Amino acid sequence: MTMWATVRLRPLVARSTLPPCRRWRDTGAYIHGVTCSPSPKVSYNRFHTTAICSPTRASLLTGRNSHNVGAGQITEAASGFPGYTGTIPKSAATLAKVLSGYGYDTAAFGKWHNTPVDDLMKSGPFDQYPTGLGFSYFYGFLAGETSQYNPRLYENTNPIEPPRKPEEGYHLTEDMADQAIKLIRANRALTPDRPFFIYFAPGGAHGPHHVHKEWADKYKGKFDMGWEKLRNITFEKQKAMGWIPNSTKLTPIDPTMVKWEEIPEEQRAFQLRLMEVYAGYLEHTDTQDGKVVEELERQGLFNNTLIIYVLGDNGASAEGIHGTIDELLAENALPSTYQQQMEVLNRDFGGLDALGSQHVDKMYHSSWAWALDTPFKSTKLVAAHFGGMRTPMVMSWPKAKKWKKGSTEKVIKHDPTPRSQFHHVCDIAPTIYEAVGVQFPTRVEGAKQMPLDGVSMVYTWNNVSVKERKSAQYFEVMGSRGVYKDGWFASVFGPRIPWAEANETRMREWNPDTDVWELYDLTRDFSQAEDLAKEMPDQVAKMKQIFLMEATANKVLPIGAGLYTIYYHPEEGPHSPLTEWKLYEGLTRIAESNAPGFHSGQNSLATIDVEISANASGVLYCVGGTAGVVASSTRLKQKSAFFQRLRNRLKLASVIRHFFSWYQDVGA
């Protein structure tokens, strides 16, 4: 995913983007690179996310650490621990809220995923929706992901349907770009005196990987060498580009990961097509980003626009495990073989060409994710290694107007050398505040404000070698954790292995007090290739103490709280208190958290009391879309005179197989 922000000052536009799970590291080999105007810009090769989506977004938008604003886990897995409530407090006003107070038009497009699932009702409350958190306008989806062809869209607080059908060529990312362009034009036409802030966060290239066939076909044959060789090619190109130091070591494949040589020959076409679709999806998403930039150029706004382009909200995702036509199979731990998946593809959808279409929610093999995280270890959901949280970032702001003198001055001078100061996504908001000259308020709408945790990066714009100003930064996601301090990084892998099926014994016996810590000297080791923990136990002890201090200050404790409702006590996760629902014809777009619960791990036996008219035919209850594979469509055709004479009351027990996860946007 790409995330970017545009902020337009009274002299400036600031725009912030954050796409999900997109990797600039991909560009080292055969994948289309980021569209970026040749105008002045600087890039950052030691910029970090939280290793998971919702927390990264909350941190970017507030300028605070994710746990510090209750976003230590995705909203669907919120709990009662202070750092994991899933609710951003009023004491942590967002960029949009602050900038709107200074006269900015503010708009958010695309993925949101920061609204408590308990609030996803037509009656609200709406204070945790984008519009409640400061955005004047929102067009996108509230959940962790959605179909690009049949998205569960919201406009402001209202659920809406896409303007066109997939058969008419509709694609959400294209729609988002069009909507952002409309907003820019409306701003220029009606309120040209107002600066604007745009938060543009497309669903690409997060799963499901949806893109039209012609985009995927561009990459046919490009990955036939397999993931290890792809990683080697990428590594060499990264060094040639100057993106990583020449001294960087390429880390080896984890012993628990699958090697390309272990993939049977008859399965390789499937694995390759999964990657080709992803590559096409990435290029397609970036092309839509470019359309918005082109509109700024057409309007004469580009030079005076601060663009902050964050390539992803975490590392490449391993959630596809062995590669799948439906990522929800993997996320719900539902067993499915290659043969079973190909049988469905060939029988129902026309074979491999269906990958990328509206009919399947495909996700590539986890080892492709490892290759896309070159040169680092691990993937998304690992806060111990940079494969989980390091992502490239670019800033551009060619010229700012000096309004009193009527002249312009260069703000960011072009420099191809990457900035290597250690920074974090919570540093974005302070950077924008300093850039646009905003005094951060002590109170917002009566609420006393927490201090910002982030550090402005403006000091790095035109000085590549300036000493970094961020001395410490913690990381934590579901027990995986790490801490940076003055060039040192200490970390713990944690209980979960994102690229493997859940290990019940490992999870049950995990004790954070006995975790084994790793230690890296980042001043000499860019890729975390050399673990110094055994050689330097005193430094490890020092770093553990620093982590404990940071964790305490930022509401991270207890360690593992992010697993509480997602693994140990799912019955305490966000859900409706009802045990009986009265549902009526035409009642749609009920969030899964407020509807009868049929996802994995819950009782799937339902007693349905329903009135059926003669010759009735249809679906009684549906959760999710095509890829949800809800197999409880009970078709009733009652023709007997008995049912025609009576107002048919029928009780039936239905075992509902539901492949939907709590992660995807739903409508009942």
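About the criteria used
- Counting starts from 1 at the beginning of each chain's written sequence and moves along it residue by residue.
- Two thresholds apply to this predicted model, a pLDDT of at least 70 for residue-level local features and 80 or more for giving and counting side-chain atom pairs, whereas whole-chain, interface and lining totals are computed over all residues.
- With hydrogens and water stripped out, all remaining heavy atoms of the structure feed into the side-chain values.
- Helix and strand assignments follow DSSP, with helices taken as H or I runs no shorter than four residues and strands as E runs no shorter than two, numbered in order from the N terminus.
- Three exposure classes are used, based on accessible area relative to the maximum for each residue type with a 1.4 Å probe and protein chains only: buried under 20%, partly exposed in between, and exposed over 50%.
- We call two residues in contact when some of their heavy atoms are within 4.5 Å.
- Each accessible area is a Shrake-Rupley estimate made with a 1.4 Å probe; only the visible protein chains count as cover when residues are assessed.
- The nonpolar core is taken to be a set of buried Ala, Val, Leu, Ile, Met, Phe, Trp, Tyr and Cys residues, with the residues joined through side-chain atoms within 4.5 Å.
- Strands are labelled as partners when DSSP assigns at least two bridges between them.
- Each axis is a line fitted through C-alpha atoms, taken for helices only over the stretch in contact, and angles between the N-to-C directions span 0 to 180 degrees.
- Any pair of N or O atoms that falls within 3.5 Å is considered a polar contact. Within protein, one atom must be able to donate a hydrogen and the other to accept it, and sequence-neighbouring residues count only if both atoms are side-chain atoms.
- Note on patches: the residues involved have over 30% relative accessible area and no salt bridge, like charges join within 9 Å, and the nonpolar side chains Val, Leu, Ile, Met, Phe, Trp and Tyr join within 5 Å.
- By salt bridge we mean one thing: a side-chain nitrogen of Lys or Arg within 4 Å of a carboxyl oxygen of Asp or Glu.
- Stacked, edge-to-face and tilted are the three classes for Phe, Tyr and Trp ring pairs, Trp counted by its six-membered ring, which pair at centre distances within 6.5 Å; planes under 30 degrees apart are stacked, over 60 edge-to-face, the rest tilted.
- Placement of a positive charge over a ring is assigned whenever Lys NZ or Arg CZ falls within 6 Å of the ring centre and within 35 degrees of the normal to the ring plane.

Trainee: I'm lost on the overall build of the chain in this one. Help?
Mentor: Secondary structure assignment for the chain yields 15 helices and 22 strands. For the chain, the proportion of its 668 residues judged to be buried stands at 61%. Within the chain, counting contacts between residues at least 6 apart in sequence, those at least 24 apart form 77% of the total. Carbon and sulfur atoms make up 52% of the accessible area of the chain, which amounts to about 26,500 Å² in all.

Trainee: What is the right way to read the nonpolar core from this model?
Mentor: Side chains of nonpolar character tend, in soluble globular proteins, to be buried together. Counting 53 residues, the largest nonpolar core has Phe-197, Tyr-199, Met-395, Ile-432 and Trp-461 as its most contacted members. Of all the secondary structure elements, the ones that give two or more residues to this core are strand 3 (41-44), helix 1 (53-62), helix 2 (95-101), strand 9 (196-201), strand 10 (305-310), strand 11 (393-396) and helix 11 (428-436). For this core, the element with the highest residue contribution is helix 11, accounting for six residues. Membership of the second largest hydrophobic core comes to 40 residues, among which are Leu-230, Ala-318, Ala-371 and Phe-493.

Trainee: So what exactly am I meant to see when it comes to the sheet that holds strand 18 (residues 480-485) here?
Mentor: Neighbouring strands of a sheet are bound in pairs by backbone hydrogen bonds; such pairs are parallel or else antiparallel. In spatial order, the strands read 17-18-19-20; together these four strands make up an open sheet with antiparallel pairing. Since the sheet does not close on itself, it has two edges, and those belong to strand 17 (472-477) and strand 20 (518-521), each with one partner. Direction aside, neighbouring strands of the sheet carry axes that sit 10° apart on average. Bridge analysis of strand 19 (residues 488-492) against strand 20 gives four bridges, and the strand direction is antiparallel. Considered in strand 20, the bridge of Trp-488 is made with Asp-521. In this fold helix 13 (residues 537-553) packs onto strand 17, strand 18, strand 19 and strand 20, with an angle of close to 105° to the strand it touches most, strand 18.

Trainee: I tried to follow the pairing of strand 11 on my own but got confused; where do I start?
Mentor: Note on strand geometry: in a regular strand, side chains alternate between the two faces of the sheet. Alternating positions in strand 11 separate into two faces, Met-393 and Met-395 on one and Val-394 and Ser-396 on the other, with burial throughout. As judged from the four bridges shared by strand 10 and strand 11, these two strands associate in the antiparallel manner. Each residue of the ladder has a partner; that of Ile-307, found in strand 11, is Ser-396.

Trainee: Mind showing me how you'd approach the side chain of Thr-56 here?
Mentor: Mapped onto the elements of the fold, Thr-56 is located in helix 1. Judged by relative accessible area, Thr-56 falls into the buried class, the value being 0%. Within the structure, the side chain of Thr-56 is placed 2.7 Å from the side chain of Thr-50, a separation counted as a polar contact.

Trainee: Hey, could you run me through a nonpolar patch on the surface in this one?
Mentor: A cluster of nonpolar residues, Leu-583, Tyr-584 and Leu-587, forms a patch on the protein surface that exposes about 320 Å² of accessible area. Inspection of the secondary structure puts Leu-587 in the loop between helix 14 (564-568) and strand 21 (605-612).

Trainee: Help me understand the packing of aromatic side chains in this model?
Mentor: Two descriptors summarise a pair of aromatic rings, namely the distance from one centre to the other and the angle between the planes of the rings. Applying the stated rule across the entire model yields 28 aromatic pairs. On the basis of an interplanar angle of 75° and a centroid distance of 6.4 Å, the ring pair of Phe-422 and Phe-475 is categorised as edge-to-face. Taken together, the residues span a long stretch of sequence, with Phe-422 in the loop between strand 13 (407-410) and strand 14 (423-424) and Phe-475 in strand 17 at a distance of 53 residues. Residues Phe-422 and Phe-475 agree in their burial class; the two are buried. A connected cluster of aromatic rings, assembled from ring pairs, spans Phe-376, Phe-386, Phe-422, Phe-475, Tyr-484, Phe-489 and Phe-526. The ring of Phe-386 carries the charged tip of Arg-390 above its face, separated from the ring centre by 3.9 Å. Sitting over the face of the ring of Tyr-154, Arg-589 holds its NZ or CZ atom 5.4 Å from the ring centroid.

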